[in-house]
Amino acid sequence: NSDNRVKLINQHANNDRPSWDPQSGCQNTLQTSSQSKPTNCHTSKDCDLSGGLRQDWKLFGNSTQDAFELAAPNVMSDYELRNFHSTQSLDVCFCASECILSSSWFKVGQLQHSPYRLVNLHAEQLSIVSVPGLVGLH
């Protein structure tokens, strides 16, 4: 069926509890503020993204228009979007059907969202004027 939904939430130990546990984090936790696109969850249980009809795999955010984008909230530039200070740990919550019920939501995975950092690959070369050096993103 196409009633399945997904949401990303901030990592917490309660998210590892089973779906029938009233303390399960996936049940009542709001979508992370780090997910800037696509617009997905209006409440902790009212989410829009469906993974489609197939039962052997699900595809969420399947076009450029609704692809997932993670960013720090309220930033002004591309640099700020990608240059936060520490890795963000997120849990992936899934609901197969009847998603308006809290007990339908459970954790299916986790993500590590890491910042881009400029690194100096040859420190001694970058300090010499007019000598080529190497830099990279890590």
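Located above this text is the structure these notes cover.
Here is a short report on the structure shown in this document. (Residues numbered from 1 in each chain as written. Predicted model: local features only at pLDDT ≥ 70, side-chain atom pairs only at ≥ 80, totals over all residues. Heavy atoms only, no water.)

**A look at the sheet that holds strand β5 (residues 105-113)**
Each strand in a sheet pairs with another by means of backbone hydrogen bonds, the pair being arranged parallel or else antiparallel.
Link 1 in the chain: Spatially, the three strands line up as an open sheet ordered β1-β4-β5, and their pairing is antiparallel. Strands with a single pairing partner mark the edges of an open sheet, and in this sheet they are β1 (5-10) and β5. Put simply, the sheet's adjacent strands are angled 30° from each other on average, direction ignored.
Link 2 in the chain: Judged from the six bridges that link them, β1 and strand β4 (residues 88-95) form a sheet pairing that is antiparallel. Its bridge partner lying in β4, Lys7 is registered against Cys93. (Pairing = 2+ DSSP bridges. Helix = DSSP H or I, 4+ residues; strand = E, 2+ residues; numbered from the N terminus. Axes fitted to C-alpha atoms, helices over the stretch in contact; angles between N-to-C directions.)

**Considerations on unusual backbone geometry**
A negative phi angle is the norm for most residues apart from glycine, just as the trans form is the norm for most peptide bonds.
Link 1 in the chain: The phi angle at Glu98 is positive, at roughly 50°, despite the residue not being glycine.
Link 2 in the chain: You can see Glu98 is positioned in the loop between β4 and β5.
Link 3 in the chain: The class of Glu98 is exposed, set by a relative accessible area of 53%. (Buried < 20%, exposed > 50% of the residue type's maximum accessible area, 1.4 Å probe, protein only.)

**Let's talk about the packing of aromatic side chains**
Describing an aromatic ring pair means giving the distance of the ring centres and the angle of the ring planes.
Link 1 in the chain: Within this structure, the stated rule accounts for one aromatic pair.
Link 2 in the chain: Here Phe94 and Phe106 contribute two aromatic rings whose centre-to-centre distance is 5.9 Å and whose plane-to-plane angle is 80°, an arrangement assigned as edge-to-face. Placement of the pair is Phe94 in strand β4 and Phe106 in strand β5, with a sequence separation of 12 residues.
Link 3 in the chain: Lying across the ring of Trp105, Lys7 places its NZ or CZ 4.9 Å from the centre. (Phe/Tyr/Trp six-rings, centres within 6.5 Å; stacked < 30°, edge-to-face > 60°. Lys NZ or Arg CZ within 6 Å of the ring centre and 35° of its normal.)

**Structural notes on the side chain of Asn4**
Link 1 in the chain: On the secondary structure map, Asn4 appears in the segment before β1.
Link 2 in the chain: Polar contacts involving the side chain of Asn4 include one to the main-chain carbonyl oxygen of Gly52, which spans 3.1 Å.
Link 3 in the chain: With residues up to four places along the chain from it excluded, the contact list for Asn4 reads Leu49, Ser50, Gly51, Gly52, Lys58, Phe60, Phe94, Cys95 and Ala96. (Polar contact = N/O pair within 3.5 Å; in protein donor to acceptor, adjacent residues only side chain to side chain. Contact = heavy atoms within 4.5 Å.)

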